[in-house]
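Letter by letter, the chains look like this.
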Amino acid sequence: MSNEVNHQVRLAARPQGTPGPEVWEHTTEPVPEPGEGRIVVRISHISLDPAMRGWMNEGRSYAPPVGIGEVMRALGLGEVVASRNTDFAVGDTVTGVLGVQEYVESDGRGLQKVSPTADVPPERYLALLGMTGMTAYFGLFDVGALKEGDTVVVSGAAGAVGSVVGQLAKVKGARVVGIAGGPEKCAWITGELGFDAAIDYRSENVSQRLKELAPEGVDVYFDNVGGDILDAVLGRLAMHARVVICGAISQYNAEGGMTGPKNYMNLLVNRARMEGFLVGDYLPRWGEAGTELAGWLAEGRLRSREDVVDGTVADFPEVFLKLFRGENTGKLVLRLNRA
Ligand code: NDP
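Residues numbered from 1 in each chain as written. Predicted model: local features only at pLDDT ≥ 70, side-chain atom pairs only at ≥ 80, totals over all residues. Heavy atoms only, no water.

Regarding the nonpolar core
Okay, step 1: One finds Leu140 and Leu168 to be the most contacted residues of the largest nonpolar core, which totals 47 residues.
Okay, step 2: Secondary structure elements with two or more residues in this core: α2 (131-143), β8 (151-155), α3 (160-171), β9 (175-180), α4 (183-190), β11 (218-223) and α8 (286-298).
Okay, step 3: Ranked by residues supplied to this core, first place goes to α2 with seven residues.
Okay, step 4: When we break this core down by domain, the ones giving at least three residues each are domain 1 (5-127 + 305-336) and domain 2 (131-280).
Okay, step 5: Residues contacting leucine 168, with those up to four places away along its chain left out, are Ala136, Tyr137, Leu140, Phe141, Leu293, Trp296 and Leu302.
Okay, step 6: By size, the runner-up hydrophobic cluster in this structure holds 31 residues, among which are Val41, Phe88, Val309 and Leu332. (Core = buried A, V, L, I, M, F, W, Y, C linked by side-chain atoms within 4.5 Å. Buried < 20%, exposed > 50% of the residue type's maximum accessible area, 1.4 Å probe, protein only. Helix = DSSP H or I, 4+ residues; strand = E, 2+ residues; numbered from the N terminus. Domains from an automatic or database assignment. Contact = heavy atoms within 4.5 Å.)

Right under this line is the structure:
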């Protein structure tokens, strides 16, 4: 192993707006050897998450920023290739925070063992069976307090989290309207995924369409995007609505700061609440949620779509931008090719 090289992508500068090539540095190191009680993981899949954009910023947040010169933080999946830790054997598949690189040395804390099979590809553990599925599950059921018969609206509806949110709402007997960009995405969520309706925010007037599709108002709004779409849905809330703040991708690259909601007084008028959450806070319950999600998946009541891009770690900066250009459908994953 020691003759091989570990390719890495490091954060070289804090981006202003959309991160261009100048914010990244491509480096190599020898493949690490495990210290006492530690393991080495060969990374095969890197998860692309909008949250990574936030981790690149200076300032106080729920996690410390990635330091300048550090390997970019990323969730991923890989195989244990060397172990001096009795909890892990060579050949185990693990997920966790592994970084944008080919190998990582770790004490194993925070890593989960998973078991891909012929029916369950490894990338699914970064999608419906991983952080993405957990985000949809706890955001909709716990924070959104979903009830049968609710009218649910979800933005980013053809993305990783949004596509699971809409399906979970259908499993629980709700009516679901998805907001997504473009006719193909809208056709996918209403066709294969069984959403009741879709709004193409790029070509349609969202407020007008919500009036037609949710005449009695919106009971749960699961917000992945923020901005104008959040304002449009706030304008259509039902009494005692729950607005789940999962993310605000439309604002992450905004130069000059984020724009907040203008329509928030509708929370007062409708005695509604708006609440943010972090999926990591639900870690002790991930097992319970994972079992339920895997069961619905096996029964065919849920589908998981992974948008897998084959490449090398050097492709990470470009693949990452697909999230902000709306070029992914389902969960975006970079699968690492090796010579
Ligand atoms: P997605 O797979 O949804 O990818 C991003 C999608 O967002 C794109 O495909 C695009 O779809 C849409 N998008 C991009 N720019 C805009 C824009 N300006 N306006 C409207 N839509 C836009 O990512 P994830 O499912 O991984 O993440 C979804 C959200 O959930 C993010 O905000 C993320 O930060 C958040 N999140 C929060 C967590 C938590 O614990 N709170 C945990 C995980 C994720 P389209 O073509 O439809 O525009």
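Focus: the side chain of aspartate 200
Okay, step 1: Within the secondary structure, aspartate 200 sits in strand β10 (residues 197-200).
Okay, step 2: Buried charge without a salt bridge: aspartate 200, with arginine 202 as the nearest opposite-charge side chain at an N-O distance of 5.9 Å.
Okay, step 3: A polar contact of 2.9 Å, which involves the side chain of aspartate 200, links it to the backbone nitrogen of glycine 182.
Okay, step 4: Excluding residues that lie within four positions of it along the chain, aspartate 200 makes contacts with Ala180, Gly181, Gly182, Pro183 and Cys186. (Lys, Arg positive; Asp, Glu negative; His and termini not counted. Salt bridge = Lys/Arg side-chain N within 4 Å of Asp/Glu carboxyl O. Polar contact = N/O pair within 3.5 Å; in protein donor to acceptor, adjacent residues only side chain to side chain.)

Notes on the pattern of salt bridges
Okay, step 1: Tallying each qualifying case throughout the model produces 22 salt bridges.
Okay, step 2: When the shortest N-O distance is used, the salt bridge between glutamate 306 and arginine 124 registers 2.8 Å. Note that glutamate 306 is positioned in strand β14 (residues 306-311) and arginine 124 in the loop between β7 (112-114) and α2, a separation of 182 residues in sequence. The exposure classification of glutamate 306 matches that of arginine 124, with both residues buried.

Things to note about the pairing of strand β4 (residues 75-83)
Okay, step 1: For β4, the tally of buried residues reaches seven of nine residues, placing the bulk of the element in the interior.
Okay, step 2: With seven bridges connecting them, strand β3 (residues 39-47) and β4 associate as antiparallel partners. By the bridge assignment for β4, isoleucine 43 is matched with glycine 78.
Okay, step 3: Note: β4 against strand β5 (residues 93-97), five bridges, orientation antiparallel. Paired with glycine 76 across the bridge in β5 is glycine 96. (Pairing = 2+ DSSP bridges.)

Comments concerning unusual backbone geometry
Okay, step 1: You will see that alanine 145, though not glycine, has its phi angle at about 45°, which is positive.
Okay, step 2: For alanine 145, the location among the structural elements is in the loop between α2 and β8.

Topic: the site of the ligand
Okay, step 1: Close to the ligand lie 28 residues, the nearest being Val161, Lys185, Tyr201, Tyr252 and Asn328.
Okay, step 2: Contacts to the ligand include lysine 185, whose side-chain N or O atom sits 2.6 Å from an oxygen atom.
Okay, step 3: Here an oxygen atom of the ligand and a side-chain polar atom of tyrosine 201 are 2.5 Å apart.
Okay, step 4: If you list the elements that add at least two residues to the shell around the ligand, you get α2, α3 and α9 (316-325).
Okay, step 5: For the shell around the ligand, the two domains that each supply at least three residues are domain 1 (5-127 + 305-336) and domain 2 (131-280). (Near = heavy atom within 4 Å.)

Some remarks on empty space enclosed by the protein
Okay, step 1: Within the structure shown, the criterion is met by one cavity of 30 Å³ or more.
Okay, step 2: In this structure, the largest cavity occupies an estimated 60 Å³ of space.
Okay, step 3: Looking at the largest cavity, it is lined by 13 residues, and the ones nearest its centre are Ala160, Ser163, Val164, Ser304 and Arg305.
Okay, step 4: The element best represented in the lining of the largest cavity is α3, accounting for four residues.
Okay, step 5: Of the residues assigned to the lining of the largest cavity, the class counts are five nonpolar, five polar and three charged.
Okay, step 6: In this structure, the lining of the largest cavity is formed jointly by two domains, domain 1 (5-127 + 305-336) and domain 2 (131-280), each of which donates at least three residues. (1 Å grid on protein atoms, 1.4 Å probe; cavity = no way out; pocket = protein on both sides within 12 Å on 5 of 7 lines; lining within 4 Å. Points joined across faces, edges and corners; volume = space filled by probe spheres on them. Nonpolar A, V, L, I, M, F, W, Y, C, P; charged D, E, K, R; others polar.)

Focus on the packing of α2 against α3
Okay, step 1: Where α2 meets α3, the closest approach of the two axes is 8 Å, and the angle between their N-to-C directions is 50°. Judged by the inter-axis angle, α2 sits oblique to α3. In terms of crossing hand, the pair formed by α2 and α3 is right-handed. For the pair formed by α2 and α3, the contact residues are Thr132, Thr135, Ala136, Tyr137, Leu140 and Phe141 on the first element and Ala160, Val161, Val164, Val165, Leu168 and Ala169 on the second.
Okay, step 2: Taken together, the residues that form the contact of α2 with α3 break down as ten nonpolar, two polar and no charged. (Axes fitted to C-alpha atoms, helices over the stretch in contact; angles between N-to-C directions. Parallel < 35°, antiparallel > 145°, perpendicular 65-115°, else oblique. Left-handed = near helix turned anticlockwise from the far one by under 90°.)

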